[in-house]
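# Secondary and tertiary structure notes
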Amino acid sequence: MAGALRHLTNINSTGSNSNGGLNSLTGPSQTALDEARSLLMGALWNASMEAPPAREHTAMGQALLPLLMGGQDGSPTWPLLRQHDEAVIVRTATCLFHLCNGAPVNSLEQLRESFWEALELPRLNDDACSHLMQVGALVLDATQHHHGTDNPISTGGACRAITLLTSPQWASSRKPREAWQRSRAAEVLVLLRASICAGTAELLLDSGALRPDGSAYEALVPTGCQHGTGAAIRLAGHISIADGGRLRQRLASQVLDRLLNLVENVPHALRDDLVCVLHGLSREPSVAEASTWVKHIPSLITLAEWAAQKRRIQSLACALELLTAVVPRRADDREQAWLKANLHR
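First, a word on what this report is: a plain description of the structure on this page. Given the structure is predicted, the values throughout are model-derived calculations rather than measurements. (Residues numbered from 1 in each chain as written. Predicted model: local features only at pLDDT ≥ 70, side-chain atom pairs only at ≥ 80, totals over all residues. Heavy atoms only, no water.)

### Some remarks on the overall build of the chain
On a plain count of helices and strands, the chain comes out with 19 helices and 0 strands. The contacts of the chain with a sequence gap of at least 6 include a subset with a gap of at least 24, amounting to 70%. For the chain, the exposed area adds up to about 16000 Å²; of that, 51% sits on carbon and sulfur atoms. (Helix = DSSP H or I, 4+ residues; strand = E, 2+ residues; numbered from the N terminus. Contact = heavy atoms within 4.5 Å. Areas by Shrake-Rupley, 256 points an atom, 1.4 Å probe, with all protein chains shown as cover.)

If you want it as structure tokens, here you go:
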């Protein structure tokens, strides 16, 4: 299959083989080429999903990733993602995701330089784009494991991802937003992975990702996808601790109301992350004094009681410290009594 893929990626849109190739494949109709590419990528997609032994999966990735990536000998990168046929593009993106998902970290390093060009190609639909962005998260993860999160190479890749996914050109090319729901959710995953790198927190705050209409901001809703909401909460958590907490006031100005609105209805699986982020924000005195905490104090107390009942010690400690920071200025007598009783247990 690798040989067939090599020749089908070398044939350009006019039907001629740009690198010589097999004479038998010279001059077929565009329809026949599209069908051949689509069938082949469907077969490779199925093979990549069958979860073969790790050694075979690695060998498949090593053989196919360079062919999918292209760019050898001056040829265009990502040739199958540049095709006109939507089925070829979607199947290529899906196959690429399954090849990369679970692949050894060092095998993804080869994608670091050229991968972001794939996301800028004009014919991606929502399915293809969402799969490619999941690959992007895997590439960022591999780069961070290989070079470290403080390394300029990792930071450069993360900043490139943030700049691309929050650019006006990116937003304008993905409208109406209702037609790009899977891609919007995948954006948050990529931004979360990028936020792990040093030097990205301020760029994220400047980017608009955590402002109205931003993908991370929109994910901070109790009725949204739990996976996306969790990624957005953890993204805010990374910014909260970045640079020793220097950016907490800026972060709170963008998402504190949004985070507090989650307290009452957040899924149980996300409660630990949410209370940790709110605790971090409350460490900034100017944030703790914000009036927006007032109406959420009963829900915060309920959250602390849940942590105590479930013996989530770290979450309980964060919740009590959080309430200590915001309750004395705000609470009524009942809430003051509850806090004093629990602090002296």
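### Focus on helix α8 (residues 152-165)
The terminal C-alpha atoms of α8, which comprises 14 residues, lie 20 Å apart, in line with the 20 Å expected from a rise of 1.5 Å per residue. Looking only at α8, the buried set comprises Ser154, Thr155, Gly157, Ala158, Ala161, Ile162, Leu164 and Leu165. Considering only its buried residues, α8 is in contact with α6 (115-119), α7 (126-147), α9 (168-172), α10 (181-195) and α11 (201-207). At the N-terminal boundary of α8, the capping side chain belongs to Asn151, with an oxygen 2.7 Å from the backbone nitrogen of Ile153. (Expected span 1.5 Å × (residues − 1). Buried < 20%, exposed > 50% of the residue type's maximum accessible area, 1.4 Å probe, protein only. Polar contact = N/O pair within 3.5 Å; in protein donor to acceptor, adjacent residues only side chain to side chain.)

### Remarks on the side chain of Ser207
The topology assignment puts Ser207 in helix α11. What makes Ser207 buried here is its relative accessible area of 17%. A polar contact of 2.7 Å, which involves the side chain of Ser207, links it to the backbone oxygen of Leu204. Within polar-contact distance, the side chain of Ser207 engages the backbone nitrogen of Ala209 at 3.2 Å. Sequence-distant contacts of Ser207, that is, excluding residues within four places in its chain, are made with Ile162 and Thr166.

### Notes on the nonpolar core
Among the nonpolar cores identified, the biggest contains 102 residues, and Trp78, Leu259 and Leu278 are the most heavily contacted of them. Once you skip the residues sitting within four places of it in the chain, Leu278 turns out to touch Leu256, Leu259, Leu260, Val263, Trp293, Leu300 and Leu322. (Core = buried A, V, L, I, M, F, W, Y, C linked by side-chain atoms within 4.5 Å.)

### Quick notes on the side chain of Ser183
Along the chain, Ser183 turns up in helix α10. Looking at Ser183, the relative accessible area reads 1%, which means it is buried. Leaving out residues up to four positions away in the same chain, Ser183 has contacts with Asp126, Cys129, Ser130 and Met133.

### Some details on unusual backbone geometry
Excluding glycine, residues mostly have negative phi values, and the peptide bonds linking residues are mostly trans. In the segment running from Lys175 into Pro176, the intervening peptide bond is cis, with an omega of -5°. You will see that Arg311, though not glycine, has its phi angle at about 55°, which is positive. Along the chain, the position of Arg311 falls in the loop between α17 (297-309) and α18 (313-330). With a relative accessible area of 70%, Arg311 lands in the exposed category.

### Quick look at the packing of aromatic side chains
To describe a pair of aromatic rings, one takes the distance between the centres and the angle between the planes. According to the stated counting rule, one finds 2 aromatic pairs in the structure shown. Ring centres of Trp78 and Phe115 lie 6.2 Å apart, and the angle between their planes is 90°; on these two criteria the pair is classed as edge-to-face. Placement of the pair is Trp78 in the loop between α3 (54-69) and α4 (86-100) and Phe115 in helix α6, with a sequence separation of 37 residues. When sorted by exposure, Trp78 lands in the same class as Phe115, which is buried. With a centroid separation of 5.1 Å and an interplanar angle of 75°, the aromatic rings of Phe115 and Trp116 are classed as edge-to-face. The two residues Phe115 and Trp116 agree in class, both being buried. Chaining the aromatic ring pairs together yields one cluster made of Trp78, Phe115 and Trp116. If you follow Arg174 out to its NZ or CZ, it ends over the ring of Trp180, 5.1 Å from the centre. For the cation-ring pair, Arg271 lies above Trp306, with the distance from its terminal atom to the ring centre recorded as 5.1 Å. (Phe/Tyr/Trp six-rings, centres within 6.5 Å; stacked < 30°, edge-to-face > 60°. Lys NZ or Arg CZ within 6 Å of the ring centre and 35° of its normal.)

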